[in-house]
Amino acid sequence: MFTRSFIPLMTVTCAACALAGPPTPDEVPQLTDAWRQGRRIIDLHQHVQMTREHLGRAVRIMDRAGIGIAVNLGSGTVTPGADGGPSALAQSIALTERLHPGRFLHYMTLDYAGWDRPDWSAKAVAQIEEGHRLGAAGLKEFKRLGLFLKDGEGRLIRVDDPKLDPVWQRCGELGMPVSIHVADPKAFWEPYDERNERWAELRDHPTWWFGDATRFPAWKALLEALDRVIGRHPETTFVAVHFANNAEELEWVDAALSRRPNLMADLAARIPELGRHDPGAVRRLFEKHQDRILFGTDFMVYDRLILGSSGNEPPPTDEDAAGFFAKHWRWLETNDRDWRHMTPIQGDWTISSIGLPAGVLRKIYFDNARRLLARSLPPPVVCAARIDEDFTPTGGMAEPVWESAAPVWVEYATRDGAVQPALSTRVRMLWSDTFLYLAYECPYTELSVFEPPLTVGKRYDMDRPGVSLWDRDVVEAFINADPGDVRHYAEFQVAPTNEQMDLMLRLPERDFAWRSGFESAVEIDDGAKVWRCVMRIPLGAWRPFAPRPGVRWRLNLFRCDRAHDAFLAWNPTMNGSFHTPEKFGILEFVPKDGGDRP
């Protein structure tokens, strides 16, 4: 065992939020740039044509912008294809998983064929169930309800038609959020002439004008119909896209979010509208509802790029797309005033930024989306960086080689995915021909440990609560090197006292007699309120599964912090138990030169 570096426990009384203190405004750009470099941001509202070329272009732009995961809204129905082949949804999921695994999630759409039949609702529920089975993350409903879709007698199908209630209910039961678009900007109901402030857009898209009261319902009537639907289905989460479909009226959105706890709003294609309001009022609204607002852009990749909206202007370039995303960051993160917004066709005016604090930004950029999509997020990936020479690490992570390893974060409650940023634990990984190295950096307020630490044997008793090593503060790694058995994995634990535990599992059996020969070092910085742990695990412990560059194992990372009753995961299991191997992420052994990966 390494030389122990342990500072005795000192009890503190500060709250969890005081662990590090909120970043200052000057620190926000550094933090948000790090999120983008780590591709942590989730864009909940994109539309990408499902071809190799279009997906490749989308991913190149996402990489440049710092988008890690995009939700493709409306990837198709579950209706079988020609000659009974795979449905559009199944084909979309298969294509992105083959070409760009982990970068896209897909929302399904409904097939309204047979609407007039008495069994349509039952068949629509069956569509939802099949979409869930295939891996749809949610349901997308376009603005066709109330505006375009008609029944057999030529009447518009209402947003709140009771025949749709079983669909909304089943989505809630299956944990599938509904992203729904009703209505459009208020100007699309105003006179269709050059006096309309959205004339450039309407002139190029005449079917977007709904001002004929003999053909279309009133603008506010559509919003009220959706509100009735949301109220009837409190167990279903509705994401009203385009800032709750009403970016013009902040008070209305505030009231809707306050009235309907199952309502969320995305930002897609509405910053040009939101930026016209008093920036202080917008900021206050975002801070009040910071848990209910989601980042989205309405970025589209077809034969041309569409940056929120478009008309007959020359097609945007990839460079234009980079600027489009950059203006989102500018509006959300700075306090700039009176600048040209990202989608000129949506209005000839300037906007002012709202300068959100870091804690609100991270919720909008990825925490809220991770909570919403926890059931269907792809397994995360951590890359272990290749090193040529082994070293005896210290708990302080003073070795420069650690800088070559990109971090991941253990910060989500394993039971429900709720984020605990004050306890955000950074983990880095390295590997050599001989060892796998893991380094944890753990903020804390008060440490909970067994004293004195065991130096011989293992502290556990499966029949007595409160006496095992995991009943106090620990960091943990569960590592599965066996591609043929998802339930066969090793478990490693280290406490702040540097007391250790390792065991091999083939669930439900646990082999506590197994010894890997792993070593650990711990350092506690009581001034900074951070404890650090480094593990060095012999790769020979996994014979015959020795890795090579490009190999992927399964892995999950955990931390227990008893002072805050926090049980945190890298990839939350969503059931309260760490031992859920189906929710393990991926450990990739990266070549030293970062070369091609499988």
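Residues numbered from 1 in each chain as written. Predicted model: local features only at pLDDT ≥ 70, side-chain atom pairs only at ≥ 80, totals over all residues. Heavy atoms only, no water.

## Thoughts on the packing of helix α9 (residues 250–259) against helix α11 (residues 279–288)
Two numbers describe how α9 lies on α11: the axes approach to 11 Å, and their chain directions differ by 10°. Considered as vectors, α9 and α11 are oriented roughly parallel to each other. In this structure, α9 contributes Leu-250, Asp-254 and Ser-258 to the contact, and α11 contributes Ala-281, Val-282, Leu-285 and Lys-288. (Axes fitted to C-alpha atoms, helices over the stretch in contact; angles between N-to-C directions. Helix = DSSP H or I, 4+ residues; strand = E, 2+ residues; numbered from the N terminus. Parallel < 35°, antiparallel > 145°, perpendicular 65-115°, else oblique. Contact = heavy atoms within 4.5 Å.)

## Focus: the pattern of salt bridges
Applying the stated criterion across every chain, the model contains 51 salt bridges. With a closest N to O distance of 3.7 Å, Asp-184 and Arg-270 form a salt bridge. One end of the pair, Asp-184, is in the loop between β5 (178–180) and α6 (199–204); the other, Arg-270, is in the loop between β7 (263–266) and α10 (271–274), with 86 residues separating them in the sequence. In this structure, Asp-184 and Arg-270 share a single accessibility class: buried. Here Arg-506 ties to Asp-485 by a salt bridge, and the two come within 2.8 Å at their closest N and O atoms. (Salt bridge = Lys/Arg side-chain N within 4 Å of Asp/Glu carboxyl O. Buried < 20%, exposed > 50% of the residue type's maximum accessible area, 1.4 Å probe, protein only.)

## Brief notes about α11
Buried within α11 we find Pro-279, Val-282, Leu-285 and Phe-286. One side of α11 carries all its buried residues, which in axial view fall inside an arc of 125°. Structural note: α11 exposes Arg-284 and Lys-288 on the side pointing more than 90 degrees away from its buried face. Tucked inside the fold, the buried residues of α11 contact α8 (241–244), α9, α10, β8 (293–294), α12 (318–333) and α13 (358–372). (Arc of directions from axis to C-beta.)

## Some remarks on the nonpolar core
Counting 112 residues, the largest nonpolar core has Trp-168, Phe-243, Phe-286, Trp-331 and Leu-332 as its most contacted members. Ranked by residue count, the leading element in this core is α13, at 8 residues. With residues up to four places along the chain from it excluded, the contact list for Leu-332 reads Leu-267, Phe-286, Phe-295, Ile-354, Gly-355, Leu-356, Leu-361 and Tyr-365. (Core = buried A, V, L, I, M, F, W, Y, C linked by side-chain atoms within 4.5 Å.)

## What to know about the confidence of the model for the chain
Mean pLDDT over the chain works out to 93, with 95% of the residues at or above the 70 mark. In this model, residues 1–20 is a region of pLDDT below 50 whose contacts with residues beyond four sequence positions or in other chains number 41 contacts. (pLDDT = per-residue confidence, 0-100.)

## Things to note about the side chain of Asp-367
In this structure, Asp-367 sits in helix α13. Here Asp-367 is in contact with Arg-362, Tyr-412 and Val-419, once residues within four sequence places are set aside.

## Considerations on the sheet that holds strand β10 (residues 305–307)
Note: strands within a sheet are paired through backbone hydrogen bonds, in either parallel or antiparallel orientation. Strand order in the open sheet formed by 10 strands is β8-β7-β6-β5-β4-β3-β2-β1-β9-β10, and the pairing between neighbours is mixed. Looking at which strands have only one partner, the edges of the open sheet turn out to be β8 and β10. As paired strands, strand β2 (residues 67–73) and strand β3 (residues 104–108) are joined by 4 bridges and run parallel to one another. The residue bridging Val-71 from the neighbouring strand is Leu-105, located in β3. (Pairing = 2+ DSSP bridges.)

## So, the environment of Ala-82
Looking at the secondary structure, you find Ala-82 in the loop between β2 and α3 (88–99). The exposure class assigned to Ala-82 is exposed, which follows from its relative accessible area of 70%. On a C-alpha basis, the gap between Ala-82 and Pro-22 in space is 56 Å, while along the polypeptide they are 60 residues apart.

## Here we look at the packing of helix α4 (residues 120–134) against helix α5 (residues 165–174)
The interhelical angle for the contact between α4 and α5, taken along N-to-C directions, is 25°, at an axis separation of 9 Å. Judged on the interaxial angle alone, α5 and α4 are roughly parallel. The way α4 lies across α5 gives a crossing that is right-handed. Residue-level inspection shows Trp-120, Ser-121, Ala-124, Val-125, Ile-128, Glu-129 and His-132 of α4 in contact with α5, the latter providing Pro-166, Val-167, Arg-170, Cys-171 and Leu-174. Its residues assigned to classes, the contact of α4 with α5 shows 8 nonpolar, 2 polar and 2 charged. (Left-handed = near helix turned anticlockwise from the far one by under 90°. Nonpolar A, V, L, I, M, F, W, Y, C, P; charged D, E, K, R; others polar.)

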